[in-house]
Amino acid sequence: MFDRILVPVDGSEHSRRALQVAATAFETNEIVVLHVLDPFRAASTTEEAVWNREYMDDREREAEALLEEYAEFAAEFDVPVRTELARGSPARAIVGAVDDLDADHVVIGSQGRSGIGRVLLGSVAETVSRRAPVSVTIVRPEK
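Summarised in this report is the structure supplied together with it. Remember, predicted model here, so these are calculated numbers, not experimental data. (Residues numbered from 1 in each chain as written. Predicted model: local features only at pLDDT ≥ 70, side-chain atom pairs only at ≥ 80, totals over all residues. Heavy atoms only, no water.)

1. Some details on the sheet that holds strand β3 (residues 81-87)
Filter applied, for reference: Two strands qualify as a pair provided DSSP detects at least 2 bridges between them. Starting at the N terminus, helices and strands are each numbered in turn, a helix being any DSSP run of H or I of at least four residues and a strand any DSSP run of E of at least two. An axis is simply a line fitted to the C-alpha atoms; with a helix, the fit covers only the stretch in contact. Between two such axes, the angle follows the N-to-C directions and lies from 0 to 180 degrees.
The sheet built from five strands is open, its strands ordered β3-β2-β1-β4-β5 with parallel pairing. This sheet does not close on itself; its edge strands, each paired only once, are β3 and β5 (135-139). Neighbour to neighbour, the strand axes of the sheet diverge by 25° on average, direction disregarded. With five bridges joining them, strand β4 (residues 105-109) and β5 adopt parallel strand pairing. Paired with V107 across the bridge in β5 is T137.

2. What to know about the packing of helix α4 (residues 90-100) against helix α6 (residues 124-131)
What counts here: Definitions for this section: a left-handed crossing has its near helix turned counterclockwise from the far helix by less than a right angle. A right-handed crossing has that turn clockwise. Residues are treated as being in contact if the distance between any of their heavy atoms lies within 4.5 Å. In this count, Pro and Cys sit with the nonpolar residues alongside Ala, Val, Leu, Ile, Met, Phe, Trp and Tyr, while Asp, Glu, Lys and Arg are called charged and the others, Gly among them, polar.
Taken N-terminus to C-terminus, the directions of α4 and α6 make an angle of 35°; their axes are 9 Å apart at the nearest point. Crossing geometry of α4 relative to α6 is assigned as right-handed. Here P90, A91, I94 and V95 of α4 lie close against α6, whose contacting residues are V124, T127, V128 and R131. Along the lines of polarity and charge, the residues of the contact of α4 with α6 split into six nonpolar, one polar and one charged.

3. Examining the environment of T137
Using the following cut-off: Throughout this description, a polar contact denotes any pair of N or O atoms lying within 3.5 Å of each other; where both atoms belong to protein, one of them has to be capable of donating a hydrogen while the other can accept it, and for residues adjacent in sequence the pair is counted only when both atoms sit in side chains.
Mapped onto the elements of the fold, T137 is located in strand β5. For the pair formed by T137 and V21, sequence separation is 116 residues and the distance between their alpha carbons is 9.5 Å. Ignoring sequence-local partners within four residues, the contact set of T137 consists of F26, H105, V106, V107 and I108. Of note is the side chain of T137, whose polar atom sits 2.8 Å from the side chain of H105.

4. Digging into helix α1 (residues 13-25)
Rules: Each residue after the first adds 1.5 Å to the expected span of a helix.
Look at α1: 18 Å from first C-alpha to last across 13 residues, which is about the 18 Å you get at 1.5 Å a residue. For α1, the elements touching its buried residues are β1 (2-9), β2 (28-37), α3 (53-75), β4 and β5.

5. Focus: the nonpolar core
How we decide: Here, the term nonpolar core denotes a set of buried Ala, Val, Leu, Ile, Met, Phe, Trp, Tyr and Cys residues that are joined through side-chain atoms within 4.5 Å. Exposure classes here rest on a 1.4 Å probe applied to the protein chains alone. A residue is buried below 20% of its type maximum, exposed above 50%, and partly exposed in between.
Ranked by size, the top nonpolar core spans 21 residues in total, and within it V7, L19, I31, V33 and V107 carry the most contacts. Of all the secondary structure elements, the ones that give two or more residues to this core are β1, α1, β2 and α3. Counting residues per element, this core draws most heavily on α3, at seven residues. Non-local contacts of V7, meaning those with residues more than four positions away in its chain, are made with S15, A18, L19, A22, I31, V32, V33, L34 and V107. Listed in part, the 18 residues of the second largest apolar core include V36, A93, V95 and V128.

Note that every value here comes from positions in space, so none of it alone points to a role or purpose.
See below:
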């Protein structure tokens, strides 16, 4: 039995599946659904956009809507859910949230990259599993 499970989400099917696993495979008093708003997401953000208040306000509204979608999805499993929004590098913010939110387990989805894609892009799930001070369950893609 876990007191609080942290489930990082990013809008992908992988994180949706991780939330489902957290809600159905573990007993817990609460699930905290965390979305990390990365202002320096290199693939789609210019430095100018990061400092543009309107752009960041739009991203925050999108993040809040995303968290609301996950909360509605989690309600189907009859588990108490709380949503949180963090800012920064995803892996670093997730590991920091473990302490900040007093989580005792992390359930995180993995895209299942391998080979050069994993080397070039890294793996948030892998970094979290190495650095988190609590146990981490990595939910792999269904085959």
